[in-house]
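Single-letter residue listing:
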Amino acid sequence: MAKRLAAAARMKEMMLRHFQAGWLAREEGRKVAFVTSGAPVEFLHAMDVVPVYPENHGAVCGVARAGGRLCQAAEEKGYSRDLCSYWKVDWGARTTPAASPIGGLPKPDFLFCANNICRTVVKWYEGLSRFYRVPLLLLDMPFRHGEEEPAAREYVREQFRNIPGELARLTGRTWDEGRFRESVDLSREASVLWQECIEANSARPAPATAADQFLMMGPIVTMRGTREAVGFYRELADEIRERVGRGEGAVEAERFRLLWDNLPVWHQLRPLSDFLADRGVVLVGATYTNAWTERAAKSPDGTDAVADAYARVWLNMGLAHREEIIRRMAASLATDGVIFHANRSCKPYSFGQEEIAARLKSDGIPCILMDGDMADERDFAEGSWRTRLEAFVEQLDNRFHPGRTR
Amino acid sequence: MPSGVEWAFRFASEVSRNPAAAVSRWKSLSGRKAAGCIPIYAPEEVLHAAGMLPVTLWGNEFGPASPAGVPPFVCSVAGGIVSDIRAGKWEGIDAWVFPSTCDTFQNAFEVLFPYDERPRFPFVFPAYADAPGASEYLLDRIEAFREWAGRVSGREVSEGALEKSVRVYNENRRAFSLLEEKMAESPGAFSGTEFLTLARAGMALPKEGHTEILREALARPRGTPRYPRAKIFLSGILATGPVMEALDAAGAAIVGNDLALGNRYYSGLAHESGDPPLSLVRRHLRRAPCPTLHDSEGTRIERLFERSVGSGADRVLLLRVRQCEPESGEIPDISDESRKRGIPFLCLDIDLQAEERASAKVRIEAFVEMGE
């Protein structure tokens, strides 16, 4: 079993307060916006809008193993079995909020969606707009197959420059450039600290696991641009630094170090991590948690720099870029192999993993592809996962410790 | 000797059955190049003006494809296209155009092209027509595409050539629109199978020839009026042969459609005067609502029912390609709207790589019987 981080308790408390803020917003005279994880939330902070993340709610429901029930409710309404489970969880919680561990989400005043993480969110948010009869503010970020096209950069920047006016119209407030800049600075600061936490795992033994990172990423997703998030990551970085100083690993007798690609299997987060830890395997990093190290450069053109950063998020980039990051992470974290979670629900993340894995394998990097789903526990075959992971660890044993039995 | 009408159907049918052979034939006769396009937003006029043959792929041109190497969560359109290209079945294609229609097509481009060395162009277009800067961005992409097409074909795409191609494509769209009008005015004038054949033939033929075929087909003398058991408005990405055969066998007439392999591809004229690249930009940004495009007015579902009512349909059949997220997400709302309007609605799942003839037949027969 992997050792837990003390910061987990504070993180839970923060996330609870975050969800409560959505429910309390109206009493405080504040607007609520549903936001996709890749949307520039700093603009909302500038206008004192409370951001609520349906994707994050999907993850919370996944961890609580409520995903299957909520997906089932959506399927009874006519949503297809093969649709993204976050979307279905959200729909299920709208009609059966009691099945959500946090009682569902408050009604939004408007929706703020960016298609830089996938195009599915556009359809999801269009449906939300019809359901709640609220306006949808959409940012269209062209997918980057190779080098950035100057016209694409200008197109995204143009849309970002338009956001203050749109938000003023939606909230009835005056645009606050000072608060926006402050929020951008706080986002950058939190992202730098988050990156420090992730990179600390290059130490041997690794002070934390990717499961820790998946749990601790809540604030960088939902609270970036706030002082609270910066404070949290400062404390987390301190705790991790102390572990490194003491030479303390998250896993006793660390034998192998693996990298994880894709969203986690939320409903199996700890069981899987502990299953591996019991075999001396530590998940030292994940491409998904690393995605939130992307940040706006310090620049006098605040809005343009933010636009450029959001346009180059992980899922908006081609496979060559993703492969390069995986190789870089594998090298800097000194991993012995990669687990690719072929996540049925996230097609843009998953379609192409086989090709990346094949190229890594041809360079001698052990890889395994595991089928699953981030939030719907009905799409998880526990026996098969355990058997295949055990075989993978044996393969690593044979490769790195030939002739030695554990 | 077959009449012009018979010849038109026979030829269209031959092209639909074996588009790769039609492409090879065209290439050997013309000595020019063919460009494979992923559905459905490539500005084909540019390829046409460069002297190339645009060929739109749907993933089922060679029968069920072996899904080897394609994950099960990939839709059968993209899965079929990737498998067929990898299997070397599209050898006659000289270059590729991949519009950014959906996440899966974008990734299909990524998985294919470290290994396929033919020239390719990822045509990334604005998914949101009303976004600030969308026109300027799209104009830039069309100009880049124009330059690429000129380089690949060896023939510069002049303003004059592009203007001419816009006219050729408009003629083709007008002819297709007449076909759709005739299907609405005289239900059963064309069977579902004939409609599919005519629509598909246009994906692998030069548009001039396809327009001729459509005109011949439209000249078919009106036979004894048919009184179909059901008048269907067909929605979805595409219809398959077995679905159309089942509709025909059940006595249903297709009176309207918003299929991607149908109205969504063929509708919308470009301005014939003025700057041709700008005309293409305007046409694209005024596209008929499609689940792969964001519509700030939220009119996709309303428009679907307006068109359905306008066509005289008495029910709506949506063919959902499994794993297609853009199409899937609107289905419950379409279903609710049809219930509100008292219009029978059926969503039928299809998979291009699976033989589902029997189940399609049973479900379509039951749907046609509804409300009889």
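About the criteria used
- Residues numbered from 1 in each chain as written.
- Chains lettered and ligands numbered in written order.
- Predicted model: local features only at pLDDT ≥ 70, side-chain atom pairs only at ≥ 80, totals over all residues.
- Heavy atoms only, no water.
- Pairing = 2+ DSSP bridges.
- Helix = DSSP H or I, 4+ residues; strand = E, 2+ residues; numbered from the N terminus.
- Axes fitted to C-alpha atoms, helices over the stretch in contact; angles between N-to-C directions.
- Contact = heavy atoms within 4.5 Å.
- Salt bridge = Lys/Arg side-chain N within 4 Å of Asp/Glu carboxyl O.
- Buried < 20%, exposed > 50% of the residue type's maximum accessible area, 1.4 Å probe, protein only.
- Right-handed = clockwise from strand over helix to strand, strands pointing away.
- Phe/Tyr/Trp six-rings, centres within 6.5 Å; stacked < 30°, edge-to-face > 60°.
- Lys NZ or Arg CZ within 6 Å of the ring centre and 35° of its normal.
- Buried area = accessible area lost by both parts, 1.4 Å probe.

A. Just the sheet that holds strand S8 (residues 367-372) of chain A, in detail. All names here are of chain A. What the 4 strands build is an open sheet, ordered S6-S5-S7-S8; its pairing is parallel. Of all the strands in the sheet, just strand S6 (281-286) and S8 have a single pairing partner and so form its edges. Recorded for the sheet is a direction-independent mean angle of 30 degrees between the axes of neighbouring strands. Across 5 bridges, the pairing between strand S5 (residues 256-261) and S6 is parallel. When the sheet's bridge partners are listed, Leu259 is paired in S6 with Gly285. Running at roughly 160 degrees to S5, helix H15 (residues 319-332) makes contact with S5, S6 and strand S7 (337-343) of the sheet. Running over the sheet, helix H17 (residues 353-362) touches S5, S7 and S8 and is turned about 165 degrees from S7.

B. Local environment of the pattern of salt bridges. All names here are of chain A. Counted under the stated rule, the structure contains 82 salt bridges over all chains. A salt bridge links Glu252 to Lys3, with the nearest nitrogen and oxygen atoms 3.6 Å apart. Linking Glu252 in the loop between helix H11 (227-246) and S5 with Lys3 in the segment before helix H1 (7-24), this pair joins segments that are 249 residues apart in sequence. Looking at Lys3, the relative accessible area reads 27%, which means it is partly exposed.

C. Up close: the pairing of strand S6 (residues 252-257) of chain B. Residues and elements named next belong to chain B. S6 sits mainly inside the fold: 6 of its 6 residues count as buried. Two elements, strand S5 (residues 230-236) and S6, share 5 bridges in a ladder whose sense is parallel. Bridging from a neighbouring strand, Leu234 pairs with Asn257 of S6. Crossover S5 to S6 through helix H10 (residues 241-249) is right-handed.

D. The packing of aromatic side chains, seen in detail. Scanning all chains against the criterion turns up 37 aromatic pairs over all chains. Ring centres of Phe62(B) and Trp90(B) lie 5.0 Å apart, and the angle between their planes is 75 degrees; this geometry places the pair in the edge-to-face category. Remark: Trp90(B) occurs in the loop between helix H4 (76-86) and strand S3 (95-99) and Phe62(B) occurs in the loop between strand S2 (53-56) and H4; sequence separation between them is 28 residues. Taking the centre distance of 5.3 Å and the plane angle of 90 degrees together, the rings of Phe98(B) and Phe113(B) count as edge-to-face. In this pair, Phe98(B) sits in strand S3 while Phe113(B) sits in the loop between helix H5 (103-112) and strand S4 (120-123), placing the two residues 15 residues apart along the sequence. For the pair Phe98(B) and Phe113(B), one class covers both residues: buried. Taken together, the ring pairs connect Phe214(A), Trp266(A), Tyr288(A), Trp292(A), Trp314(A) and Tyr349(A) into an aromatic cluster. If you follow Arg94(A) out to its NZ or CZ, it ends over the ring of Phe131(A), 4.7 Å from the centre. Of note, Arg279(A) hangs over the ring of Phe275(A), and the distance from its end group to the ring centre comes to 3.8 Å.

E. Region of the structure containing helix H12 (residues 276-285) of chain B. Here H12(B) lies mainly inside the structure; 8 of its 10 residues are buried. Where the residues of H12(B) are buried, they touch helix H3 (44-49), helix H6 (134-153), helix H7 (159-185) and helix H11 (263-266) of chain B.

F. Expanded view of the interface of chain B and chain A. Taken residue by residue, the interface counts 50 residues in chain B and 45 residues in chain A. Roughly 4000 Å² of surface becomes buried between chain B and chain A when both sides are summed, with 57% attributable to carbon and sulfur atoms. On the chain B side of the interface with chain A, the three residues burying the most area are Phe73(B), Glu110(B) and Glu325(B), jointly 18% of the side's total. At the boundary of chain B with chain A, the tally comes to 7 salt bridges. The closest approach of N and O atoms between Arg86(B) and Glu355(A), which form a salt bridge, is 2.5 Å.

G. Up close: the environment of Ile38(B). Residue and element names in this part refer to chain B. Note that Ile38 resides in the loop between strand S1 (34-37) and H3. Ile38 sits 229 residues away from Ser267 along the chain, and the two C-alpha atoms are 17 Å apart. Every residue in contact with Ile38, bar those within four places of it in the chain, is listed here: Ile81, Val97, Phe98, Pro99 and Phe105.

H. Geometry of the sheet that holds S3(B). Residue and element names in this part refer to chain B. A sheet is described by the order of its strands in space; here 4 strands give the open sequence S2-S1-S3-S4, paired in parallel fashion. Either end of the sheet is taken by a strand with one partner, and the two such strands are S2 and S4. On average, adjacent strands in this sheet sit at an angle of 20 degrees to one another, irrespective of strand direction. Judged from the 4 bridges that link them, S1 and S2 form a sheet pairing that is parallel. When the sheet's bridge partners are listed, Cys37 is paired in S2 with Thr56. Against the sheet, H6 touches S3 and S4, its axis set at about 170 degrees to S4.

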